[in-house]
Amino acid sequence: MTERETLARRVDMAAGRTPVDTLITNCKVVDVFSQTIFESSVAIGDGKIVGFGEYEAAKTIDAAGGYVMPGLIDGHVHIESSVVSPAQFAKCVLPYGTTTIVADPHEIANVCGLEGIRYMLDASKDLPLNVRIMLPSCVPATPFEHSGAILEAKELSELIDHEGVHGLAEVMNFPAVINSDPAMLDKIYMASSRNRISDGHTPGLSGRDLIAYAAAGIKTDHECSTVEEMHERIRLGMYVLIREGSATKDLRALAKGLTDANYRRCVFCTDDREPADILANGHLNKNLKIAVEEGVDALQAITIGTLNAAECYGLKGKGAIAPGYDADIMVVRDLSDFEVSHVFTNGEHIAENGALLVEPQELVRESVRDTVNLSDISLEDLKLKLSSNKVRTMRVIPDTVLTESVIKDIVLDEEGYFNAKQNEGLTKIAVVERHNATGNIGLGIFENYHIKNGAIATTIAHDSHNIVVAGDNDADMLVAINDLKKIGGGITLVRDGKVLDHLSLPIAGLMSDQPAQEVAAQMEKLLNLAKEFNINPKLQPFMTLSFMSLPVIPALKLTDGGLFDVTTFSFVPIEAE
């Protein structure tokens, strides 16, 4: 059937001359345009919403008095952070009503370059979840770390016109934008010259610097943690992506700054959420629930999660229940808990009462496996010798990926080495280059993590995804590093020289090739095991650790090149004097 014939058929269905494919009955419809709710059946045909009212239909679904609303749109997410493949990620989120995501594959791009992006594009292409890929703008995130690839505008231009590519992903190197760095501006111009959106990333930025950043045409920011930051960005014409992830939770704080005047400039996102969290607590429907708990009007919350995102990203046909719009639909039982009873994508009934009715197809690609390439590492390489008892430590702030740079007095052993067991509350942390076997190792001191009698290591180390390991003794840290090499990447826990358990992530050292439920169960097992290490209960032990190597999130982070001060964008010594 030609597009012209499809159009004619759709009009005939809307007019009642031809039976529709599906009719959802006994329901209330959420109208995001007028912020009202009305009772009516909803007719679907050829993947579109074709009308309201009574129609002859090939299939009828009783919504049991539920609310029909648009499928939810996640404005910014890293599929890799779910540690499962795109197909398994789709299986996790679709039953909760998320039907479209704007995905940034910069995790796998930092490991595998363009081949990693191509894998994500191909693995997402035929899923029942609509995946719009943004090209990573910062591979690596900064020039102060070593990743598995370097992608400049020249390389990205190979994919910018791909049908699955929607724009330029979060521009994390904000100093490069503010200072008109030619290489960064080339990437932004590459996107804008094709009318593609560029996403932002500006933690702590304000005033003239933020104005300069917005002037580059960057349209969004998901790094707001205060109402003041949110209002400043909206005032500059940006959309604020309100984040609620597994480790970083901004929604409750930012909900207090939502008003009738500004809520249309906000979008919901998850950024990074683990499979056990999704399967147990939901996805964007959880954002709706929290927003309503915080006093946000339910219809406004729904609009933030649907129409706002569609308008922000230019997702034609998405974000509303109206004739001619895509039949991406969720049905919820109420507008407080947002428990989902039915989900449709492209008119197909794909989930009911939490169960997926379709089976997304997996893509296996050997080119994104076997990515842990280490030089030989010894205990000597992990020793931290210092010339001063006064040091800079990375103090992590609970419920965020932010750290504080704190000056501490520490005890050194007789030879001048730092030993975590002699310094209560402090942990040794190391970042080990794992892409090109350079032997680069950055060492630092980590505060507020509190690991005792062991080590935890992972190849999920934003954004260059080297190995990050934390422990209270060098021997266990070394065993953990070598175990990650053996299993091809993942997460591992070590005590007394023995691997207690691990999660293998063979796809770029970031994602499992196993079903999401199995991965979630193993992750839950590891999380329970991590409790035995006395880790601060206010922290998510693995995701927190994985962000301690990201040198674009204030204030102090660690790369394979050493300790990095994000506020000055420069390396600093561990010794404070």
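Residues numbered from 1 in each chain as written. Predicted model: local features only at pLDDT ≥ 70, side-chain atom pairs only at ≥ 80, totals over all residues. Heavy atoms only, no water.

Using the following cut-off: UniProt positions are given in the numbering used here, feature names are shortened, and annotations may be inferred rather than shown by experiment.
Under an unreviewed UniProt entry, the name given to the protein is Adenine deaminase, and the organism recorded is Halodesulfovibrio aestuarii. Listed in UniProt under the heading Catalytic activity (unreviewed entry), the comment for the protein reads: "adenine + H2O + H(+) = hypoxanthine + NH4(+)".

1. Some points on the overall build of the protein
Definition in use: The secondary structure listing takes helices from DSSP runs of H or I that are at least 4 residues long and strands from runs of E that are at least 2 residues long, numbered from the N terminus. This radius of gyration counts C-alpha atoms alone. The globule rule is 2.2 Å times how many residues there are, raised to the power 0.38. To sort residues, take the accessible area from a 1.4 Å probe on protein chains only and compare it with the maximum for the residue type: under 20% means buried, over 50% means exposed, and anything in between is partly exposed. Here Asp and Glu are counted as negative and Lys and Arg as positive; His is not counted, and neither are the chain ends. We put the charge of a Lys on NZ, of an Arg on CZ, of an Asp on CG and of a Glu on CD.
For the protein, the helix and strand inventory stands at 18 helices and 30 strands. The globule rule puts the C-alpha radius of gyration for 577 residues at 25 Å, and the 24 Å found for the protein is close to it. Once the C-alpha set of the protein is aligned to its principal axes, its extents read approximately 90 × 50 × 45 Å. Across the 577 residues that make up the protein, the buried fraction comes to 64%. Of the charged side chains in the protein, 51 are positive and 82 negative, and the gap between their average positions amounts to 1 Å.

2. Focus: the layout of surface pockets
The criterion, for reference: Using protein atoms alone on a 1 Å grid, points that fit a 1.4 Å probe yet trap it form a cavity, whereas open point sets bounded by protein on both sides within 12 Å along at least five of seven lines form a pocket; residues with an atom within 4 Å of a point count as lining. Grid points are joined across faces, edges and corners, and a volume is the space filled by probe spheres set on the points. Only Asp, Glu, Lys and Arg are considered charged, only Ala, Val, Leu, Ile, Met, Phe, Trp, Tyr, Cys and Pro nonpolar, and every remaining residue, Gly among them, polar.
Size it by volume and the largest pocket reaches roughly 520 Å³. Forming the walls of the largest pocket are 26 residues, and the residues nearest its centre are Lys125, Asn130, Val131, Arg132 and Lys318. Sorting the residues of the lining of the largest pocket by element identifies helix 1 (3-14), helix 4 (114-124) and strand 10 (130-135) as the ones contributing at least two each. It is strand 10 that provides the largest number of residues to the lining of the largest pocket, a total of four residues. Considering only residue class, the lining of the largest pocket consists of six nonpolar, ten polar and ten charged.

3. Remarks on the UniProt feature "domain: Amidohydrolase-related" (unreviewed entry) in the protein
The UniProt feature table records "domain: Amidohydrolase-related" (unreviewed entry) at residues 67-348. Within residues 67-348, the helical portion is 36% and the strand portion 20%, while the C-alpha atoms at the span's ends are 18 Å from each other.

4. As for the UniProt feature "domain: Adenine deaminase C-terminal" (unreviewed entry) in the protein
Residues given the UniProt feature "domain: Adenine deaminase C-terminal" (unreviewed entry) here are residues 401-569. Secondary structure across residues 401-569 comprises 21% helix and 30% strand; the distance between its end C-alpha atoms is 17 Å.

5. Focus on the side chain of histidine 222
Counted only if it meets this: Distance and chemistry together define a polar contact, namely a pair of N or O atoms within 3.5 Å, with one atom able to donate a hydrogen and the other to accept it when in protein, and with adjacent residues in sequence counting only for side-chain atoms on both sides. Contacts were defined at the residue level, with two residues in contact if any of their heavy atoms lie within 4.5 Å.
Here histidine 222 is to be found in the loop between strand 13 (220-221) and helix 9 (227-235). You can call histidine 222 buried: its relative accessible area is 2%. Within the structure, the side chain of histidine 222 is placed 3.1 Å from the side chain of glutamate 170, a separation counted as a polar contact. One polar contact links the side chain of histidine 222 to the main-chain carbonyl oxygen of glycine 200, over a distance of 3.5 Å. Excluding anything up to four places from it in sequence, histidine 222 contacts His76, Glu170, Gly200, His201, Leu241, Arg243, Asp250, Cys269 and Asp271.

6. Here's the deal with the packing of aromatic side chains
Condition: Each aromatic pair joins two rings of Phe, Tyr and Trp (for Trp, the six-membered one) with centres within 6.5 Å, and gets the label stacked for planes under 30 degrees apart, edge-to-face for over 60, and tilted for any other angle. Two conditions define a charge located above a ring, namely a distance within 6 Å from the ring centre to NZ of Lys or CZ of Arg, and an angle within 35 degrees of the ring normal.
One pass over the structure, following the stated rule, counts nine aromatic pairs. Aromatic pair phenylalanine 446 and tyrosine 449: ring centres 4.9 Å apart, planes at 25°, arrangement stacked. Here phenylalanine 446 and tyrosine 449 have matching classes, each one buried. Pairwise contacts between aromatic rings join Phe144, Phe174, Phe564, Phe569 and Phe571 into one cluster. Over the face of the ring belonging to tyrosine 239 we find arginine 265, whose NZ or CZ atom lies 4.0 Å from the ring centre. Seen from the ring of phenylalanine 533, arginine 495 lies directly overhead, with NZ or CZ sitting 4.3 Å from the centre.

7. What about helix 12 (residues 284-293)?
In terms of burial, helix 12 is a largely internal element, seven of the ten residues being buried. Every buried residue belonging to helix 12 is among Leu284, Asn285, Lys286, Asn287, Leu288, Ile290 and Ala291, and all of these are buried. Phi turns positive, to about 95°, at glycine 295, one or two residues after helix 12.

8. Overview of the sheet that holds strand 3 (residues 36-39)
Note the cut-off: Pairing between strands is defined by DSSP: at least two bridges between the two strands are required.
With respect to topology, seven strands assemble into an open sheet ordered 3-2-7-16-17-18-19, the strand pairing being mixed. Single-partner strands in this sheet number two, and they are strand 3 and strand 19 (355-356).

9. Section: the pattern of salt bridges
Here is the rule: For salt bridges, the criterion is a side-chain nitrogen of Lys or Arg within 4 Å of an Asp or Glu carboxyl oxygen.
Evaluated as defined, the whole model comprises 35 salt bridges. Aspartate 326 is the salt-bridge partner of lysine 48, the closest N and O atoms lying 2.4 Å from each other. Taken as a pair, lysine 48 in strand 5 (residues 48-52) and aspartate 326 in the loop between helix 14 (307-313) and strand 16 (329-332) lie far apart in primary sequence, 278 residues in all. An identical accessibility class is assigned to lysine 48 and aspartate 326; each is buried.

10. A short note on helix 2 (residues 86-93)
The buried count for helix 2 comes to eight of eight residues, which makes it a mostly enclosed element. The set of residues buried in helix 2 consists of Pro86, Ala87, Gln88, Phe89, Ala90, Lys91, Cys92 and Val93. Turning to helix 2, the residues buried within the fold contact strand 8 (72-77), strand 9 (98-103), helix 4, helix 11 (275-281), strand 19 and helix 17 (516-530).

11. Focus on the sheet that holds strand 22 (residues 426-432)
Two orientations exist for strands paired in a sheet by backbone hydrogen bonds: parallel and antiparallel. For the record, the criterion: Simply put, an axis is a line fit to the C-alpha atoms, just over the touching stretch for a helix, and the angle between two N-to-C directions goes from 0 to 180 degrees.
Spatial ordering of the open sheet is given by 21-20-23-22-25-24-26-27, a layout of eight strands whose pairing is mixed. Here the strands that pair on one side only, and so sit at the sheet edges, are strand 21 (403-409) and strand 27 (498-504). Each strand axis lies, on average, 25° off the axis of its neighbour in the sheet, ignoring direction. Seen against the sheet, helix 17 touches strand 24 (455-458), strand 26 (490-495) and strand 27 and runs at an angle of roughly 145° to strand 27.

12. Notes on unusual backbone geometry
Generally, phi is negative for residues other than glycine and the peptide bonds are trans, each holding for most cases. In this model, histidine 462 is joined to aspartate 463 through a cis peptide bond whose omega is -5°. Within the element layout of this structure, aspartate 463 appears in the loop between strand 24 and strand 25 (467-471). Residue alanine 555 is reached from proline 554 by a cis peptide bond, and omega for that bond is 0°. One non-glycine residue, asparagine 195, lies in positive phi territory at about 60°. Position of asparagine 195 among the secondary structure elements: in the loop between helix 7 (182-192) and strand 12 (197-200). On the accessibility criterion, asparagine 195 (74% relative accessible area) is exposed. The phi dihedral of asparagine 453 is positive, around 55°, even though this residue is not glycine. Structurally, the position occupied by asparagine 453 is in the loop between strand 23 (441-447) and strand 24.

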